[in-house]
Structure formats: C-alpha cells, structure tokens
Amino acid sequence: MTTGGSDVVDGQRRALLQGVAGAPAQSPVDRRWQAAIITVSDSRARRGAVEDSSGDAIVARLADLPADVVIRQVVADNADEIGSALRDAVERADLVVLSGGTGLGPRDVTPQAIRPLLDYEIPGMAEAMRREGLRGTPHAMLSRQVVGVARRRLVMVLPGSPRAVIEGLDAVWEALPHALRLLSGDTAHR
Amino acid sequence: MTTGGSDVVDGQRRALLQGVAGAPAQSPVDRRWQAAIITVSDSRARRGAVEDSSGDAIVARLADLPADVVIRQVVADNADEIGSALRDAVERADLVVLSGGTGLGPRDVTPQAIRPLLDYEIPGMAEAMRREGLRGTPHAMLSRQVVGVARRRLVMVLPGSPRAVIEGLDAVWEALPHALRLLSGDTAHR
Amino acid sequence: MTTGGSDVVDGQRRALLQGVAGAPAQSPVDRRWQAAIITVSDSRARRGAVEDSSGDAIVARLADLPADVVIRQVVADNADEIGSALRDAVERADLVVLSGGTGLGPRDVTPQAIRPLLDYEIPGMAEAMRREGLRGTPHAMLSRQVVGVARRRLVMVLPGSPRAVIEGLDAVWEALPHALRLLSGDTAHR
C-alpha cells in the first residue's frame with residue numbers, strides 16, 4: 001500500500017524520459033492509485049478466493065497503472081452483498097473493479113446492484129468495452145458492463161471471465177489515468 | 001404453436017449435419033423458441049393486421065431461429081396498450097419482438113412504454129442494432145431501439161419499417177440463441 | 001429571427017438545384033430553426049459571455065443548419081441554474097445546445113441536471129458523438145454527452161471545448177434536420 005523505494009526511482013526515470021525532470025514527487029505522473037477488486041461469484045465465494053483467476057488477472061494488470069490493491073474480496077451473486085462491498089470499497093479506494101454477474105443468467109445481478117449506487121455513469125467507457133469484446137465474439141454484446149462514479153471514485157463492472165476482465169481494462173486503459181486524475185480533483189490540462 | 005412432424009425431421013437433419021447425431025431431442029441445438037410479435041402502429045391497428053409487412057418480415061426471419069410465433073398482435077401507439085401487450089406476451093413467449101414507435105414523432109412512445117417494464121436492459125444489443133443501421137443511413141442514429149429482459153424473457157423494441165426490423169434482427173442474430181439459452185436457465189458453456 | 005430576403009432566394013436556389021422547383025416557400029427544405037445556446041462554465045459565467053469561444057463555435061456552425069440563435073446564455077456549473085436555463089429555452093427554441101460540464105470534475109453536473117428533465121433520450125446521437133470523439137483521443141470516452149427530447153424540443157449536451165462542440169455537431173449533422181422536422185410534427189417521408 002505504500003510506495004516503495006524502487007517505485008520512486010521508476011517514477012523519476014519516467015519523469016526524466018518524459019522530459020519533466022524536476023517535477024515534484026507528488027506529480028500526477030508519479031501518482032499511485034489505490035484499487036479495490038471485488039469478484040462476484042457464488043461458486044468462488046463458496047470456495048474462498050483461492051481460485052479467483054479473474055481477480056488475479058485484474059491485480060496483475062492494475063500493477064501497471066500503477067495501482068496498489070487495498071481491498072480484495074469475493075462476494076456471492078447477491079445484490080445486498082454486492083452493494084455492501086461497493087460501499088466499503090469507495091471509502092478506501094480510488095478505483096473499484098467488480099467482475100462477474102454481468103450476464104443473463106438468473107443469478108446475474110451485479111449491474112442491477114451497482115447502478116442505483118452510482119452518482120452518474122460514464123457510458124463511453126462501457127461502450128468501449130463492449131466494442132472491444134465484439135472483436136472476439138458476437139456474444140460480447142450480451143455483456144452488461146457498467147462504468148460510473150460513486151462518491152468521486154471510479155467504479156467498473158466487468159464480466160467474470162479472466163479474458164473478459166483483461167479485454168475490459170484494455171479497452172479503457174488509455175483513458176484510465178486521466179479519469180482517475182480528474183476524479184481526484186486534478187483538473188490541470190495535460 | 002406445436003412442433004409439427006416436419007420440424008422434428010428438420011431438427012434431426014440439422015443435428016446430423018452438425019455432427020451431433022444421437023443428441024437427445026431436447027438438446028439446445030434442437031430447441032425451438034416461442035416468439036411474440038407485436039406491431040405498434042396506429043394506422044395498422046385501424047386496418048387490422050392484414051397489411052402488417054414488418055410483422056410478416058419478423059415472422060419469416062424468426063422461422064430460422066427456429067421460433068414458433070405464439071402471439072401476433074397489432075396495437076395502437078398508446079403506452080397503456082403497449083404495456084398490456086408486453087405483459088401478456090412474457091407469460092407465453094421466450095422472445096418478444098415489438099416493432100414501431102421508436103422514432104421522434106409525437107405518437108412514438110414504445111421505448112417509454114417498455115423500459116419501465118424491463119428488469120434490466122442489454123445495451124450492447126441495442127448499440128449493435130444502431131451501428132448496423134448507420135451503415136445504411138445516418139438517420140439510423142435517431143432510432144431508439146431497446147433490448148432488455150422482463151420476467152426472464154428477451155424483449156426487443158425495433159423500428160417499424162420492414163427494412164429496419166430485418167437489420168435489427170440481423171445485427172443481434174449471432175448472439176440471439178445464446179441469449180435465449182441463458183435466459184431459459186441453460187448455463188452450460190458452449 | 002425572421003427569414004430575410006436573401007435567405008428566401010438561397011432557399012429557392014437550393015430548391016432549384018435539388019430539382020424541386022415550384023416547392024412552396026414553407027417547404028421543409030427552406031425551414032429555418034430557432035436555437036438556444038447555453039454555455040455551462042463557472043469561469044465564463046463570472047467573466048460574462050465575452051470569451052465564450054465554444055458558444056461562438058456553435059453559433060457559427062448552426063448558421064449552416066440553418067438556425068437563428070434566439071437565446072444565448074452562459075450559466076454557472078450549478079444544477080438548478082442549468083435546469084432553469086433549459087426550461088426557458090424549450091419555450092422558445094426548436095433546438096437547445098448546452099456545452100460544458102460533461103467531464104468528471106467535481107463541478108461537472110450538466111448531464112445530471114439535464115437528464116431528469118428529458119422526456120426521453122436518443123442514445124444513438126450521443127453514441128455517434130463519442131465514436132467521433134474517439135477518432136481524436138481515447139479521452140473522448142470520458143465525455144458524457146446526452147441527447148434527448150424535452151417538450152418536443154431537441155436537447156443536446158456537449159463537452160465544453162470548442163473542438164468538442166464542433167466534433168459533436170459534426171457527428172450528428174446529417175441526421176439533425178430530419179430530427180428537427182420529426183419533432184416539429186413533419187412526418188412526411190423524405
């Protein structure tokens with residue numbers, strides 16, 4: 001959760017490469033984010049997080065943001081539990097990534113659970129995720145990704161498969177740091 | 001409404017061609033769906049269903065799903081009548097296709113009538129329909145297609161022209177059987 | 001606000017070029033629209049409209065619609081003021097273009113202020129705007145454009161930069177006259 005020494009060095013190296021040497025250590029370029037990763041799955045909730053391969057994939061990808069994982073949780077496909085997990089997460093994380101429960105099965109309730117808790121949605125990010133998914137399979141049009149903001153935290157609801165979470169993150173990756181900076185109150189033009 | 005003898009033969013022939021000979025008759029490959037087709041149009045409601053060319057086009061296309069039409073109805077552009085027709089349809093059909101009333105005219109109320117009755121929407125299917133429509137004309141961005149789920153039935157709201165209904169069905173065609181299987185509780189991976 | 005003599009001549013010339021010579025002067029081809037342009041910006045509201053370059057860009061572009069600007073206003077990033085401005089605008093204009101406040105900053109509230117006041121949305125127009133924006137920068141997926149109808153007036157919420165407003169108008173330009181005609185009750189096929 002704390003920024004280790006090597007990260008600071010990496011940050012300075014990055015700053016130098018980008019020609020902004022001398023930027024203060026708190027410069028947005030160096031900013032590390034705090035992420036909550038919530039896997040929604042009846043079966044994984046029963047087995048514990050030991051086999052949460054989608055969660056593992058998200059952790060690995062967010063390390064490049066760079067983001068530290070401050071919450072990692074597996075909850076059942078239950079709207080109350082999902083809502084409760086989100087409320088906890090926005091207290092501590094800049095970015096909340098939920099995965100699972102976006103399909104059309106009888107237990108798929110994540111979008112319905114999350115949408116009423118958002119202050120507003122960012123439809124272009126969910127559209128981008130679905131468009132990316134459609135490059136792989138027409139079934140991607142059935143995925144009900146949701147992206148929005150709750151208490152000035154970025155909230156993303158992704159499908160549950162490891163492939164789908166990576167596709168979803170990739171689809172919005174280039175806009176993600178900018179989104180997090182704007183939500184954190186950094187409105188400087190860049 | 002019942003599966004006739006020739007349909008069973010067709011199903012077996014299809015199964016053989018697809019290399020799944022010996023599959024039980026209830027195999028998803030053979031599954032026939034039940035469809036309700038509701039045309040929303042003041043003028044056609046007055047004339048009766050005799051000239052419902054959009055409805056005819058939907059019937060013809062859905063035969064390939066394969067789906068049997070268990071309800072076919074023409075209702076006026078009136079939110080109460082449209083809502084009432086939907087409520088009846090989800091009692092008996094796996095798939096409800098409404099067409100008409102998605103434009104910007106003063107009598108176009110179908111999306112407003114249907115959306116409050118959905119348990120949730122599937123935005124990617126409506127997005128796919130609009131994207132397909134835009135290949136033909138920029139006016140397609142004005143069409144307010146809606147796709148969603150009510151009581152675990154798939155509900156699609158398409159524009160009223162015969163061309164637009166076929167474009168809309170084509171745009172989601174490859175994902176349609178999978179959507180219907182998931183909604184019917186068949187969650188086997190395929 | 002009134003159609004000047006040269007506009008009538010231009011209309012007739014256009015009609016002739018399009019092979020519809022002899023069309024009545026009130027033909028939709030000649031129709032001029034009335035537009036309200038509302039810029040949402042704390043800083044510009046403080047300075048007055050003197051530096052409203054986004055508003056200027058919209059005025060210039062809408063002249064080609066053709067549309068006369070009957071309301072031009074700069075309001076602060078305040079949901080009540082924005083809502084009030086919209087309510088006034090739909091009394092007098094066929095088309096209301098708001099710009100600004102669609103981002104993720106703490107003061108960006110325009111979509112939240114406008115959406116509850118719409119009778120319905122036209123999602124395909126906002127999707128088209130975001131798709132157009134993404135050709136320029138992946139950050140465009142963060143823009144929360146909204147297009148919809150309030151009291152049979154077309155309402156568009158665009159991002160605040162001069163570049164973004166032009167991109168947004170361009171993205172829907174070819175469908176705009178048709179949308180305005182349908183909303184004004186002209187349902188003749190063209």
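Located above this text is the structure these notes cover.
Residues numbered from 1 in each chain as written. Chains lettered and ligands numbered in written order. Predicted model: local features only at pLDDT ≥ 70, side-chain atom pairs only at ≥ 80, totals over all residues. Heavy atoms only, no water.

> So, the pattern of salt bridges: which residues are in play, and what are the values?
Between side chains of opposite charge, a pair can form when the charged atoms approach closely. What the rule picks out here adds up to 40 salt bridges over all chains. Between Arg61(A) and Asp64(A) there is a salt bridge, and its shortest N-O distance comes to 3.8 Å. With relative accessibility at 55%, the residue Asp64(A) sits in the exposed group. Taken together, the salt bridges that share partners define one network made up of Arg44(C), Asp52(C), Asp56(C) and Arg72(C). (Salt bridge = Lys/Arg side-chain N within 4 Å of Asp/Glu carboxyl O. Buried < 20%, exposed > 50% of the residue type's maximum accessible area, 1.4 Å probe, protein only.)

> Can you explain the interface of chain C and chain B? Please cite residues and give values.
Taken together, the contact pairs 19 residues of chain C with 14 residues of chain B. For the pair chain C and chain B, the summed buried surface comes to about 1400 Å²; carbon and sulfur atoms form 68% of the total. The interface formed by chain C and chain B includes 1 salt bridge. A salt bridge links Glu127(C) to Arg130(B); the nearest nitrogen and oxygen atoms lie 2.7 Å apart. Run the count over chain C and chain B and you get 2 residue pairs in polar contact (both at pLDDT 80 or more). Only β4 (120-121), α6 (123-134), α7 (162-172) and α8 (176-183) of chain C provide two or more residues apiece to the side of chain C that touches chain B. Top element by residues in the side of chain C that touches chain B is α6(C). It accounts for 6 residues. Class assignment of the residues belonging to the side of chain C that touches chain B gives a composition of 11 nonpolar, 2 polar and 6 charged. (Contact = heavy atoms within 4.5 Å. Buried area = accessible area lost by both parts, 1.4 Å probe. Polar contact = N/O pair within 3.5 Å; in protein donor to acceptor, adjacent residues only side chain to side chain. Helix = DSSP H or I, 4+ residues; strand = E, 2+ residues; numbered from the N terminus. Nonpolar A, V, L, I, M, F, W, Y, C, P; charged D, E, K, R; others polar.)

> So, the pairing of strand β3 (residues 95-99) of chain A: which residues are in play, and what are the values?
Residues and elements named next belong to chain A. When you tally the buried positions in β3, you get 5 out of 5 residues, the bulk of the element. Alternating residues of β3 divide into Leu-95, Val-97 and Ser-99 and Val-96 and Leu-98, and every residue in both groups is buried. Two elements, strand β1 (residues 33-40) and β3, share 5 bridges in a ladder whose sense is parallel. The residue bridging Ala-36 from the neighbouring strand is Val-96, located in β3. Where β3 meets strand β6 (residues 153-158), 5 bridges bridge the pair, whose relative direction is parallel. The partner of Leu-98 across the bridge, within β6, is Val-157. (Pairing = 2+ DSSP bridges.)

> Mind laying out the sheet that holds strand β1 (residues 33-40) of chain C, listing which residues take part and the relevant values?
Residue and element names in this part refer to chain C. Spatial ordering of the open sheet is given by β2-β1-β3-β6-β5-β4, a layout of 6 strands whose pairing is mixed. One side of each edge strand has no neighbouring strand; the edge strands of this open sheet are β2 (67-75) and β4. Sitting on the sheet, helix α4 (residues 79-92) is in contact with β1, β2, β3 (95-99), β5 (146-150) and β6 (153-158), with an inclination near 165° to β2. Across the sheet, α7 touches β3 and β6, and the angle it forms with β6 is around 140°. (Axes fitted to C-alpha atoms, helices over the stretch in contact; angles between N-to-C directions.)

> Tell me about the sheet that holds strand β3 (residues 95-99) of chain B, and name the residues and values.
Residue and element names in this part refer to chain B. Taken in spatial order, the 6 strands of this open sheet run β2-β1-β3-β6-β5-β4, and their pairing is mixed. In the strand order of this sheet, the two ends are held by β2 (67-75) and β4 (120-121), each with one partner. Here β4 runs beside strand β5 (residues 146-150); their pairing, made up of 2 bridges, is antiparallel. By the bridge assignment for β5, Tyr-120 is matched with Val-149. Contacting β1 (33-40), β2, β3, β5 and β6 (153-158), helix α4 (residues 79-92) runs over the sheet at an angle of about 165° to β2. Of the strands in this sheet, β4, β5 and β6 are in contact with helix α6 (residues 123-134), which crosses β5 at around 155°.

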